[in-house]
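Read off the chains here:
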Amino acid sequence: MKYIIVLLLGLFAASFSGYAQEYIRCSSAEYLKEHEERDPAFALRRLSIEASAQQWIAGHSPDNQRSIVTIPVVFHLLYNDTSQYLDDAVIQSQLDVINEDYRRMNADSGQTPLAFRAVAADCEIEFCLAKRTPDNQVTNGIIRKYTNVTAFSNYDNTKFSNQGGDDAWDATRYLNIWVAAFTNQSFLGLGTFPGVDPEYDGVIINYKACGRIGSHLLTHYNKGRSLTHEIGHWLNLKHVWGDDGGNCGLDDDISDTPLQASENYGCPNYPKTDICTASFPGIMFMNYLDYTDDECMNIFTQGQKAKMFATLNVARSGILSSNGCIPVGIEENDFKKYFSVIPNPVTERLSVVKSKNTDSAVEINGIEIMNVTGVRISEYSLQTREQQLFRDIDVSNLTPGIYFLRVITGHGVAVFKIVKHS
């Protein structure tokens with residue numbers, strides 16, 4: 001197996017570079033290469049996805065992105081004993097990390113060197129624990145499953161119930177995250193690139209690198225950045241050095257990450273240069289797609305953001321229409337065709353407008369705003385039965401994020417997802 005080769009290479013490198021290389025930060029590149037070699041159709045899909053992504057980027061500026069994308073996630077927690085059992089607080093801490101990192105709300109964002117801050121990105125991507133299953137049953141987005149496998153030797157076995165793992169949810173609508181123990185204790189994580197068969201699609205994380213609280217965590221990988229890194233691959237980002245074997249002519253296809261010869265471990269001193277970028281400010285070793293310790297990672301770039309949004313619009317477009325974050329009981333329906341909500345996204349005030357062709361008998365009786373857990377946080381009533389426009393709903397007090405606005409009539413309820421910006 002090539003995984004064994006990877007492990008041996010990692011252990012060989014460790015003898016020269018100290019503690020951090022005792023762990024294989026990521027096996028995504030090797031996993032990608034294996035799938036391309038054994039499945040020519042997958043390799044062709046990858047070429048098509050890359051070409052389409054670059055075409056999308058050419059026609060869109062990151063500045064054009066004004067709507068936050070929320071990705072529903074499901075954690076498949078596989079445990080054989082109590083040491084592998086992670087409670088809800090650990091999972092919530094992990095969710096907090098990826099939300100902070102992808103919105104550049106991470107507390108250590110100030111550690112990004114001044115020379116790189118101009119390209120630092122709020123990726124405008126958020127994550128929610130799924131509120132409904134693929135068949136519209138209530139869920140909290142966490143599946144805990146006892147397995148008779150004490151530790152997985154084959155990473156993919158985590159993804160199949162008949163191999164001791166847990167089957168993927170619909171990969172076009174959810175991000176599947178498998179958390180487990182592995183016989184290769186040096187393994188930290190793996191993320192699939194777009195184009196892989198759906199039953200394999202998602203992210204795998206060593207339970208010892210999941211979350212940022214708990215005694216189970218590894219010393220240098222204890223801030224949840226393994227998942228930040230692997231989701232980057234799931235959104236089609238390469239490692240910042242391009243996995244090119246030190247070839248400075250190859251790259252990660254991102255223009256605002258400096259050319260880099262190879263991966264970095266530990267916490268290098270800034271600035272750091274190498275043969276590919278020999279002058280100040282040097283390489284971007286603090287990028288989430290390098291191999292440095294969790295505490296030294298703190299930046300995605302505008303170019304990486306553009307690539308991730310291209311992927312969401314090209315290869316993972318099902319995520320954009322997924323209802324996985326909408327609680328059961330808050331249904332979007334055809335009745336909403338009678339109304340529109342403007343502006344959306346919104347900063348301070350919005351209006352609900354009745355369509356011109358709406359039957360006059362369809363009256364707005366009230367409006368409610370609910371958070372993503374289904375809790376009503378505000379409501380409004382109308383004074384005029386034939387009112388065409390309900391103006392000036394003040395939402396300035398809402399924290400930025402996703403909400404649901406319900407237009408209540410005597411004939412039904414129309415539900416709109418709204419995005420609140422700061």
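What you are looking at is a predicted structure, and each value in this text was computed from that prediction instead of being measured.

S.K.: Can you help me understand the packing of aromatic side chains in this one?
M.R.: The relation between two aromatic rings is expressed through the spacing of the ring centres and the mutual angle of the planes. Tallied over the entire structure, the rule returns 16 aromatic pairs. On the numbers, 5.6 Å between centres and 80 degrees between planes, the contact of Tyr155 with Phe182 is edge-to-face. Linking Tyr155 in the loop between strand E3 (142-146) and strand E4 (175-180) with Phe182 in the loop between E4 and strand E5 (189-191), this pair joins segments that are 27 residues apart in sequence. Note on accessibility: Tyr155 and Phe182 belong to one class, buried. Seen in terms of ring centroids, Tyr155 and Phe187 are 4.0 Å apart; in terms of plane orientation they differ by 20 degrees. Their pairing is stacked. Here the residue Tyr155 occupies a position in the loop between E3 and E4, and Phe187 occupies one in the loop between E4 and E5, the gap between them amounting to 32 residues.

S.K.: Can you walk me through the pairing of strand E6 (residues 203-206) in this structure?
M.R.: Every regular strand shows the same layout, with side chains that alternate between the two sheet faces. Residues of E6 alternate between two faces, with Val203 and Ile205 on one and Ile204 and Asn206 on the opposite face, all of them buried. As defined by bridge partners, E5 adjoins E6 across three bridges and the pair is classed as antiparallel. Looking across to E6, one finds that Gly189 is bridged to Ile205.

S.K.: Would you explain the confidence of the model for the protein in this entry?
M.R.: As a note on interpretation, predicted positions should not be read in detail where pLDDT is low. Taken as a whole, the protein shows an average pLDDT of 87; of its residues, 86% reach a score of 70 or greater. Here residues 1-21 is modelled with pLDDT under 50, and outside its nearest four sequence neighbours on either side it reaches 23 contacts, counting other chains as well.

S.K.: What should I look at first to understand the pairing of strand E13 (residues 413-420) in this one?
M.R.: Across the eight residues of E13, six count as buried, placing the element largely inside the fold. Of the strand pairs in this sheet, strand E12 (residues 401-409) and E13 are connected by eight bridges, and their pairing is antiparallel. By the bridge assignment, Ile408 is partnered in E13 with Val413.

S.K.: Whenever I open this one, the side chain of Asp293 confuses me. Can you help?
M.R.: Residue placement: Asp293 occurs in the loop between helix H5 (225-234) and helix H6 (302-314). Among buried Asp, Glu, Lys and Arg side chains, Asp293 stands out as unpaired, with Arg25 the closest opposite charge at 6.1 Å. Within the local environment of Asp293, its side chain forms a polar contact with the side chain of His220, the two groups lying 3.4 Å apart.

S.K.: How should the side chain of Asp201 be read in this particular structure?
M.R.: In this structure, Asp201 sits in the loop between E5 and E6. What makes Asp201 buried here is its relative accessible area of 6%. For Asp201, the side chain forms a polar contact with the side chain of Thr192, separated by 2.7 Å. In terms of polar contacts, Asp201 uses its side chain to reach the side chain of Arg316, at 2.8 Å. Apart from residues lying up to four places away in sequence, Asp201 is in contact with Ala171, Asn176, Trp178, Thr192, Val196, Trp234 and Arg316.

S.K.: Would you explain the nonpolar core in this entry?
M.R.: Taken as a class, soluble globular proteins show a tendency for nonpolar side chains to be buried jointly. Counting residues in each nonpolar core, the largest one holds 49 residues, and the members touching the most others are Ile71, Tyr102, Ile125 and Phe127. Going through the elements one at a time, helix H3 (40-58), strand E1 (69-79), helix H4 (88-102), strand E2 (125-129), E4, E6, H5 and H6 are the ones with two or more residues in this core. Excluding anything up to four places from it in sequence, Ile71 contacts Ile125, Glu126, Phe127, Cys128, Leu175, Trp234, Leu312, Ile319 and Cys325. In this structure, Phe339, Ile367, Ile393 and Leu398 belong to the second largest nonpolar core, which totals 17 residues.

S.K.: When you look at the state of the cysteines in this model, what are you seeing that I'm missing?
M.R.: As used in these notes, a disulfide is a covalent bond between sulfur atoms, one from each of two cysteines. Under the defined criterion, the tally for this structure stands at three disulfides. Two residues, Cys248 and Cys276, share a disulfide whose sulfurs are 2.0 Å apart. Across the disulfide from Cys248 to Cys276, rotation about the S-S bond amounts to roughly -80 degrees, and the bridge is consequently left-handed. With Cys248 in the loop between H5 and H6 and Cys276 in the loop between H5 and H6, this residue pair connects regions lying 28 residues apart in the sequence. For Cys276, a relative accessible area of 14% translates into the label buried.

S.K.: What should I look at first to understand the pattern of salt bridges in this one?
M.R.: Pairing between side chains of opposite charge can happen when the charged atoms of each approach one another. Evaluated as defined, the whole model comprises 22 salt bridges. Between Glu100 and Arg212 there is a salt bridge, and its shortest N-O distance comes to 2.9 Å. In this pair, Glu100 is assigned in helix H4 and Arg212 in the loop between E6 and H5, connecting sequence segments 112 residues apart. The partner of Arg376 in a salt bridge is Glu368, and the shortest N-O contact between them spans 2.9 Å. For Arg376, a relative accessible area of 46% translates into the label partly exposed. The network of salt bridges with common partners includes Glu368, Arg376, Glu379 and Arg406.

S.K.: What am I meant to see in the environment of Cys123 here?
M.R.: You can see Cys123 is positioned in the loop between H4 and E2. In the structure, Cys123 is positioned 22 residues away from Asp101 in sequence and 8.6 Å away in space, judged by C-alpha atoms. Residues contacting Cys123, with those up to four places away along its chain left out, are Tyr102, Arg103, Phe300, Lys305, Met308 and Phe309.

The rules we used
Residues numbered from 1 in each chain as written. Predicted model: local features only at pLDDT ≥ 70, side-chain atom pairs only at ≥ 80, totals over all residues. Heavy atoms only, no water. Phe/Tyr/Trp six-rings, centres within 6.5 Å; stacked < 30°, edge-to-face > 60°. Helix = DSSP H or I, 4+ residues; strand = E, 2+ residues; numbered from the N terminus. Buried < 20%, exposed > 50% of the residue type's maximum accessible area, 1.4 Å probe, protein only. Pairing = 2+ DSSP bridges. pLDDT = per-residue confidence, 0-100. Contact = heavy atoms within 4.5 Å. Lys, Arg positive; Asp, Glu negative; His and termini not counted. Salt bridge = Lys/Arg side-chain N within 4 Å of Asp/Glu carboxyl O. Polar contact = N/O pair within 3.5 Å; in protein donor to acceptor, adjacent residues only side chain to side chain. Core = buried A, V, L, I, M, F, W, Y, C linked by side-chain atoms within 4.5 Å. Disulfide = S-S within 2.5 Å.

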